[in-house]
Amino acid sequence: MFNRRNFLKKSAIFTSLAGLAPWPTLAAGRKVTATGKTTIISTWNHGLQANVAAWRVLQNGGSATDAVEAGVRVPESDPENTSVGLGGMPDRDGHVTLDACIMDPSGNCGGVAGLEHIEHPISVARKVMDDTPHVLLVGDGALQFALANGFEKKDLLTAKTYKAWQEWFKKAEYKPVINIENHDTIGLLAQDKDGNIAGACTTSGLAFKMYGRVGDSPIIGAGLYVDNDIGGATATGMGEAIVKVAGSHLVVELMRQGYAPEEACKAAVERIVKKEPGYKNLQAGFLALRKDGKTGGYALQKGFNYALMTGPDNNRMVDARALL
Ligand code: ASP
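Residues numbered from 1 in each chain as written. Predicted model: local features only at pLDDT ≥ 70, side-chain atom pairs only at ≥ 80, totals over all residues. Heavy atoms only, no water.

Let's talk about the nonpolar core
In step 1: One finds Ile 41, Ile 242, Val 251, Met 255, Ile 272, Leu 282 and Phe 286 to be the most contacted residues of the largest nonpolar core, which totals 47 residues.
In step 2: Counting residues per element, this core draws most heavily on helix H9 (residues 261-275), at six residues.
In step 3: Residues Ile 40, Leu 58, Ala 64 and Val 124 belong to the second largest nonpolar core, which totals 32 residues. (Core = buried A, V, L, I, M, F, W, Y, C linked by side-chain atoms within 4.5 Å. Buried < 20%, exposed > 50% of the residue type's maximum accessible area, 1.4 Å probe, protein only. Helix = DSSP H or I, 4+ residues; strand = E, 2+ residues; numbered from the N terminus.)

Dropping the structure here:
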C-alpha cells in the first residue's frame, strides 16, 4: 500500500545512494540492448592478431564462442610470446603450466589449470565446457583428458624460455615483474551481430611461479566472466589480487548496476587497492564489453593496453587509463 512516510524514507535512501554512486551513467536495472554490431576486444598487443582471427570466424558465420576460441589460439601458438601457450615462461622448476577458461553466451563455462604439454589449453577448456559435466580440470587430469580427446603432446619450453629460466636461476628471486615485456595473459571478449557475448582467457601465468600455482585466468569470475544480459569482462595482471576481489565478476556486476565499462573496470581496480596492501608493486588490469557494444579498460599501473576491433579495417590499440 502506498504510504507517504515510507515513500519519503525510500526516496531519501535513493537520493543518498545516488550521491554516493561515483558514476551513475545508467539507471540501475535499465536494460542495455545490443546494437547489431560486431565488437572484439582483447588484452595487450598480441590482441591485434587475435582479434583478426576472431573477426574472421564471426564473418564466416561462426558463433561468438567459436570466435573467442579461435582468437586466443593465435598467441597460444606463437613461440615468441612468452606469456601464453607454446613458449610461455616456465615455473621455477622448469614446467610450462598453462591456465585457460572460456564462457559462452548461455553461461556455460569450462577451464583447465596447471595443464602441461598442450599448445592450446583454450581448446581443452572448450571441450571441458562442451563435453563434460564439469567446469574445471587441473594438472594431470586435464592432460589425460586432453590426450584422450586427441590433443597432441608437445614440449612447450623453447630455447628462449629455457635461457630465461637459466638466467632467473642466477638469483632465483620470486619477484613478479609488472607488465612483463608489455604483454601478458590474453583475455578476449567478442560480441556477434546478434548481440551474443562470449569470452576466453589463456596464460602461462606468472613467470617462475611455484609449481602448482594457479592464478585468476582459469577461474570463472576472476579472470573472465560473461553474462549475456549485461556484458563480459576479463583480467590480466597479478592473479592473486584479481582472485581476491573476484575481479571479472565484479566488473560485470558493476555494469549491471549502471556503471559504464571503463568505470566498472576502474572500480574493480580500486577494490584491489583497498584489499591489497602491496598494490603499488603489482599490476592488474580489466577489460569490459557491455551488451550495447560499449567497451572500456582500466589498470592499476600505467602501461596496460588493449586491442579493440569494431570493423574489418578498424582494429587498433588503446592505452588504458591507470590509477597510479
Ligand atoms: N593473470 C595472470 C596470472 O596471474 C598473469 C598475467 O596476466 O600477467 O596468472
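Here we look at the site of the ligand
In step 1: Taken together, Asp 184, Thr 185, Gly 205, Leu 206, Arg 213, Gly 215, Asp 216, Ser 217, Thr 236, Gly 237, Met 238 and Gly 239 make up all the residues around the ligand.
In step 2: One of the side-chain N or O atoms of Arg 213 is found 2.7 Å from an oxygen atom in the ligand.
In step 3: One nitrogen or oxygen atom from the side chain of Asp 216 is found 2.6 Å from a nitrogen atom belonging to the ligand.
In step 4: Calculation on the ligand without its partners gives an accessible area of 270 Å², and the protein chains cover 97% of this total.
In step 5: A breakdown of the residues in the shell around the ligand according to their chemical character gives two nonpolar, seven polar and three charged. (Near = heavy atom within 4 Å. Polar contact = N/O pair within 3.5 Å; in protein donor to acceptor, adjacent residues only side chain to side chain. Areas by Shrake-Rupley, 256 points an atom, 1.4 Å probe, with all protein chains shown as cover. Nonpolar A, V, L, I, M, F, W, Y, C, P; charged D, E, K, R; others polar.)

Here we look at the packing of aromatic side chains
In step 1: Taken as a whole and assessed by the stated rule, the structure comprises six aromatic pairs.
In step 2: Look at Tyr 162 and Trp 165: their rings are 5.9 Å apart centre to centre, the planes differ by 65°, and that puts the pair in the edge-to-face class. Pair noted here: Tyr 162 and Trp 165 are both in helix H6 (residues 159-169), with a separation of three residues, about one helical turn.
In step 3: Of the residues examined, Tyr 162 reaches a relative accessible area of 42% and is grouped as partly exposed. (Phe/Tyr/Trp six-rings, centres within 6.5 Å; stacked < 30°, edge-to-face > 60°.)

Things to note about helix H8 (residues 247-256)
Given 3.6 residues to a turn, an α-helix orients residues that are three or four positions apart in the same direction.
In step 1: Counting buried positions along H8 gives seven out of ten residues, so the element sits mostly inside the fold.
In step 2: Among all positions of H8, only Gly 247, Ser 248, Leu 250, Val 251, Val 252, Leu 254 and Met 255 are buried.
In step 3: Each element contacted by the buried residues of H8 is listed here: strand S7 (224-227), strand S8 (231-237), helix H7 (239-244), H9 and strand S9 (284-290). (Contact = heavy atoms within 4.5 Å.)

Things to note about the pattern of salt bridges
In step 1: Per the stated rule, a full pass over the model turns up 13 salt bridges.
In step 2: Within this structure, Asp 66, Glu 69, Arg 126 and Asp 130 form a network of salt bridges that share partners. (Salt bridge = Lys/Arg side-chain N within 4 Å of Asp/Glu carboxyl O.)

Examining the environment of Ala 125
In step 1: Note on placement: Ala 125 falls in helix H4 (residues 121-131).
In step 2: On the basis of relative accessibility, which here comes to 0%, the residue Ala 125 falls in the buried class.
In step 3: When the C-alpha positions of Ala 125 and Glu 69 are compared, they lie 9.4 Å apart, and in sequence the two are 56 residues distant.
In step 4: Aside from chain neighbours lying at most four places away, what touches Ala 125 is Ala 100, Cys 101, Ile 102, Gly 110, Gly 111 and Val 112.

Quick look at the packing of H8 against H9
In step 1: At their nearest, the axes of H8 and H9 sit 8 Å apart, and the two run at 135° to each other. Classified by the angle between their axes, H8 and H9 sit oblique to one another. For the pair H8 and H9, the sense of crossing is right-handed. Facing H8, whose interface residues are Gly 247, Leu 250, Val 251, Leu 254 and Met 255, H9 presents Pro 261, Ala 264, Cys 265, Ala 267, Ala 268 and Arg 271.
In step 2: Taken together, the residues that form the contact of H8 with H9 break down as nine nonpolar, one polar and one charged. (Axes fitted to C-alpha atoms, helices over the stretch in contact; angles between N-to-C directions. Parallel < 35°, antiparallel > 145°, perpendicular 65-115°, else oblique. Left-handed = near helix turned anticlockwise from the far one by under 90°.)

Looking at the pairing of strand S12 (residues 314-319)
In step 1: Pairing of strand S11 (residues 305-311) with S12, which is carried by six bridges, proceeds in the antiparallel orientation. Counterpart to Met 309 in the pairing with S12 is Asn 315.
In step 2: Adjacent in sequence and paired antiparallel, S11 and S12 are bridged by two residues. (Pairing = 2+ DSSP bridges.)

Quick notes on H6
In step 1: Among the residues of H6, those classed as buried are Thr 161, Trp 165 and Trp 168. Viewed along the axis of H6, the buried residues span an arc of 60°, placing them on a single side of the element. Projecting away from the buried face of H6 at angles above 90 degrees are the exposed residues Ala 159 and Lys 163. (Arc of directions from axis to C-beta.)

A closer look at the sheet that holds S9
In step 1: Spatially, the five strands line up as an open sheet ordered S7-S8-S9-S10-S13, and their pairing is mixed. At either margin of the open sheet sits one strand with a lone partner, and together these are S7 and strand S13 (321-322).
In step 2: Pairing between S8 and S9: seven bridges, direction antiparallel. Along S9, the bridge assignment pairs Gly 231 with Arg 290.

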